Amino acid sequence: MSEARKEIMGRIREALKTPSPKPHLKGESSKVAGKAWLPEVGDTDAETMALLSDNLAKLKASFHPVENLDQAIALVKDLAQKKNWKNIAYHKNELVTPVALAIAGNAWAVDEAFSKDKLEAADVGLTSCVSIVAQFGAILVSSETSGGRGLSILPPVHVVIAKADQVVPDLAACFAQINVQFGGKMPSMLSFITGPSRTGDIERILVLGAHGPKELYLILVR
Amino acid sequence: MLNSKSIFIKESTLTSADGDQRQFIRTALGGYYKNRDIYQARYRNWELARDAASLAKWSAVNNLAEVLEKFVAKFESNGGKVHWARDAAEARKIILDLVAKANATAVIKSKCMTTEEIHLNDALEKAGFGVVESDLGEFIQQLRGEAPYHFVFPCMHLKREAISELFTKHLGTAPTDSPEELTMIARKHLRKLYITADVGITGANFLVADTGQISITENEGNARLTAAMPRVHIALSGIEKVINTIDDLTVLLPMLATAGAGQPMTCYNTLYAGPKKPGELDGPEEFHLVLLDNARTQILADPEQRDSLHCIRCGACLNVCPIFKNIGGHAYGTTYQGPIGSVITPHLRGLKDWNHLSGASSLCGACTDACPVRIDLHHHLLQNRRNAVKVVPNLFDRVFHGTFNFVIQRPALFSLGGKVFRKTFGLLKHLPLPYLGTWLKSRDLPAIPPKSFREAWKDSKNV
Amino acid sequence: MRVSLFIPCFIDQLTPQVGLATAKVLKKLGQEVEFNSSQTCCGQPSYNSGQWEIAKEGAIRSLEVFKDAEVVVGPSGSCVAMMKKFYPELLHGTKYEAEAKRLSQRTFEFSDFIVSQLKITDVGATLHKKVTYHDGCHALRELRLKEEPRKLLRAVKGLELIETEEAESCCGFGGLFAVKFPMISTAMVEVKAGALARTGADYIVSSDPSCLLQIGGWLSREGKVIRPLHIAELLAMGIDHA
């Protein structure tokens, strides 16, 4: 154990010999379950979906619920044409691959030929996700299951394809699921994406696409 | 030589007289207030959520030894390497050594106030390593050679024209008055640097003990890129950032965003567990975490102010502080501005030189009400004043309050003194008296009454 | 009830009409009002300057002054907060702690006493004026009084209350802060009083006379027409007009 570590831990133990009282709380219960006080999520699936849709709209993300994978393919094809997406980077996944393959010629799988420079040149990153939190409109991606760290952040457009059953009502449910799904073996990166990249650094005026994607699409397959 | 107090007086006198700049800051914060109110109102109970956030931090800080040990073991089992730094110099040395070992030619950084606290950029540059700030506000401040103005909104004091001129001068771009175009200039400029940098340096908002992850909150995506592209990732964090469980983030992540920036959640909240794992496509080969004490254990040793270690650096206390809004961030002369800065800077850098910040407050308490983790900020300012009296003897104050107390202990003397004051006020107001003369420079007193209350009361009883 | 007036030192010497108005309103509401003339200052200036040992002497003196009072009512949120909230903390761990707590429980700010203790909101006043309200920070954030004064104002016949976004902003007084950091204090009152003046109200009303000293002092210097008025003065005036 390093000298510094020993010394700092010693200082901590010494300092904590004098206890400090619990903070002054407004609530009466000493054991406060924070999740109960966060924004409402609704009781039914329909309410959850409506909340998700509303949150994504406020975040300036594009939300596209579709009935099946064919509709998802058609949608991405259409978007690719309209937005002139020539270079789509994707990772191999049961939902993502068929969509990517349908846009023949323009898509390449990062799993096969990863290079930072190639990814930097991509117009679009096409990924799956771990889950979607309706309460905040947050999309959870991971380095293990969403094509690594760069795919969802480097290209100027991020398209996420997910199944409707990946939507969880709130953040508490999401963390519970993370604990079950990954347990003691967390992926090296888990990231909640809540809308397209943004900044307010200049005069507190909102600008999208600061460093990450300017556009964020969520295609949700029922 | 000017000391920190006289610099503060000089700077705050200048900035508080600049009506245009003060109005600019109020306008800039207007949108924040509006959005904060909207998103706070969506909470089922914001006050109880504050309780929960406060408790989450309280239980970690008050069991810091155990929680930190647990975190470190878990972090290392995830493949990361922990380094311990007793002070700023030790932290700088550790990071410089790591950067040198990586044979780095370029270093990219995402926003981290702890690196400001240890003056890391200066040290890196002196050692010959080019370092570039990637957060837009920090990038602008770095080009200006100026410290952040606000620890969450680093360049909120700048008008777009100034930023445009800055970019023209340093990057050779055409002038523009569009915040969007200015943002895109920075985006374009920094993009290649993520790819070419060998080392990425970030901070950490939370250290999650039960999973060994570090959590980073941001809006722009620059921290994501900084931790994704370079070969080596170095994170610097104060030891107090540790929390017990990943579940604590359920409350802390949204509250950080809502209290600090008026958002439901910030754009990217990312948890890192170790470097690139087998089977993963990209990510750094090495992941280092430098844990910094730098007087945090001194705050810990003060049970009265221990709760200031709950701080999640959201900046809410600055945004509501009338002092901050009127003097601006640079007048403080500290890494951490506003109420939390005034509370902790005396601990970090010495009460003798920094107690004036605790004096420079009307103790209005807006900060304490805004704090999502319920730090008793304005009462800590009072305690700092009390503590300062013990370490920095102030003869004028001692005589003034001693005399005042002598008078108020004697009602007849108090009454006589008041009478003399009222009868001679016509003369006194022309004299350069301490306090009274200062008051009268910018404010009047009401018409001086012929009788005090006690005299009028006595008269009414005798009628 | 037998109400013992707590008249802060600067009201005694500079704005005695606030104290007289306080007594008048309380008497109108059927209270027996007394004033112990051995009171002087609560010690807050020394407390806020970090001179806690000196402030303790002032606090101990106040405990003695008010020891026989049934209830203590003061027309100043700030000075009442000193007695009600800070005395027990200041004297914590001393032999005066119990007495400080006893005083704390019996001490009330003027509007709080009328609304929460006497359960009265309509004091029977009429005043055809427009007013805007300034929340003194101690009343608002130490004593948590927000609705109490507003209930009293809303019940005044003919009175129009104009709320502003700056109602809760600090006026910049802060006791000796106002003269130790005059440039910051003046910048604060400029923002505060400027916003209140723009409402076009006749009066800026508050339950904190020290804030009114600051706000009124700046308004007077700047030649603004809006006048500062303590809530007790307003109610007393309204009772006369009724």
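Draft legend 1. Looking closely at the overall build of chain A. Counting secondary structure elements, chain A contains six helices and 12 strands. Taken over the C-alpha atoms alone, chain A extends approximately 65 × 50 × 45 Å along its principal axes. Counting all 222 residues of chain A, 55% fall into the buried class. When contacts within chain A are restricted to residue pairs at least 6 apart in sequence, long-range pairs at least 24 apart make up 70% of them.

Draft legend 2. The arrangement of the interface of chain B and chain C in detail. Contacts between chain B and chain C engage 64 residues on the former and 62 residues on the latter. When chain B packs against chain C, the two sides together hide about 5500 Å² of surface, and 63% of this comes from carbon and sulfur. The largest per-residue losses of area from chain B upon contact with chain C belong to B:Arg443, B:Phe453 and B:Trp457, which jointly make up 13% of the total buried on that side. Two residues, B:Asp369 and C:Arg144, come together in a salt bridge whose shortest N-O distance is 2.8 Å. The interface formed by chain B and chain C includes 27 residue pairs in polar contact (both at pLDDT 80 or more). For the side of chain B that touches chain C, a count of residues per class yields 28 nonpolar, 21 polar and 15 charged.

Draft legend 3. Quick look at the sheet that holds strand 7 (residues 203-206) of chain C. Residues and elements named next belong to chain C. On the basis of which strands lie adjacent, the open sheet formed by four strands has the order 6-5-7-8 and parallel pairing. Both edges of this open sheet fall to strand 6 (160-162) and strand 8 (227-230), since each of them pairs with a single strand only. Strand-to-strand twist of the sheet, defined as the mean angle between neighbouring strand axes without regard to direction, takes the value 40°. Two elements, strand 5 (residues 130-134) and strand 6, share three bridges in a ladder whose sense is parallel. Bridge pairing links Val131 to Leu161 in strand 6. Sitting on the sheet, helix 9 (residues 147-154) is in contact with strand 5, strand 6 and strand 7, with an inclination near 170° to strand 5. In the packing of helix 12 (residues 209-222) onto the sheet, contacts are made with strand 5, strand 7 and strand 8, and the angle to strand 8 comes to roughly 170°.

Draft legend 4. Quick peek at the sheet that holds strand 12 (residues 215-221) of chain A. All names here are of chain A. Strand order in the open sheet made by the six strands is 1-12-7-4-2-3, with parallel pairing throughout. Pairing within the sheet leaves two strands with one partner each, and these edge strands are strand 1 (62-66) and strand 3 (107-109). Strand after strand, the sheet turns through a mean of 20° between neighbouring axes, direction not considered. Here strand 1 pairs with strand 12 via five bridges, running parallel. Across the sheet, residue Pro65 finds its bridge partner in strand 12, namely Leu220. Contacting strand 1 and strand 12, helix 2 (residues 45-58) runs over the sheet at an angle of about 165° to strand 12. The sheet strands contacting helix 3 (residues 69-83) are strand 1 and strand 12, and the helix crosses strand 12 at an angle near 160°.

Draft legend 5. Molecular detail of the arrangement of the chains. The protein chains that touch form two pairs of chains, and the pair with the most contacts between them is chains A and B. Taking C-alpha atoms only, the smallest gap left between chain A and chain C, which are not in contact, amounts to 13 Å.

Draft legend 6. A look at the pairing of strand 4 (residues 199-202) of chain B. Residues and elements named next belong to chain B. Along strand 4, one buried face is formed by Val199 and Ile201 and the opposite face, lined by Gly200 and Thr202, is buried too. Alignment of strand 2 (residues 106-109) against strand 4, held across three bridges, turns out to be parallel. Across the sheet, Lys109 pairs through a bridge with Ile201, a residue of strand 4. Looking at chain direction, strand 4 and strand 7 (residues 232-238) are connected through four bridges and run parallel. Across the sheet, Gly200 pairs through a bridge with His233, a residue of strand 7.

Rules and cut-offs
Residues numbered from 1 in each chain as written. Chains lettered and ligands numbered in written order. Predicted model: local features only at pLDDT ≥ 70, side-chain atom pairs only at ≥ 80, totals over all residues. Heavy atoms only, no water. Helix = DSSP H or I, 4+ residues; strand = E, 2+ residues; numbered from the N terminus. Buried < 20%, exposed > 50% of the residue type's maximum accessible area, 1.4 Å probe, protein only. Contact = heavy atoms within 4.5 Å. Buried area = accessible area lost by both parts, 1.4 Å probe. Salt bridge = Lys/Arg side-chain N within 4 Å of Asp/Glu carboxyl O. Polar contact = N/O pair within 3.5 Å; in protein donor to acceptor, adjacent residues only side chain to side chain. Nonpolar A, V, L, I, M, F, W, Y, C, P; charged D, E, K, R; others polar. Pairing = 2+ DSSP bridges. Axes fitted to C-alpha atoms, helices over the stretch in contact; angles between N-to-C directions.

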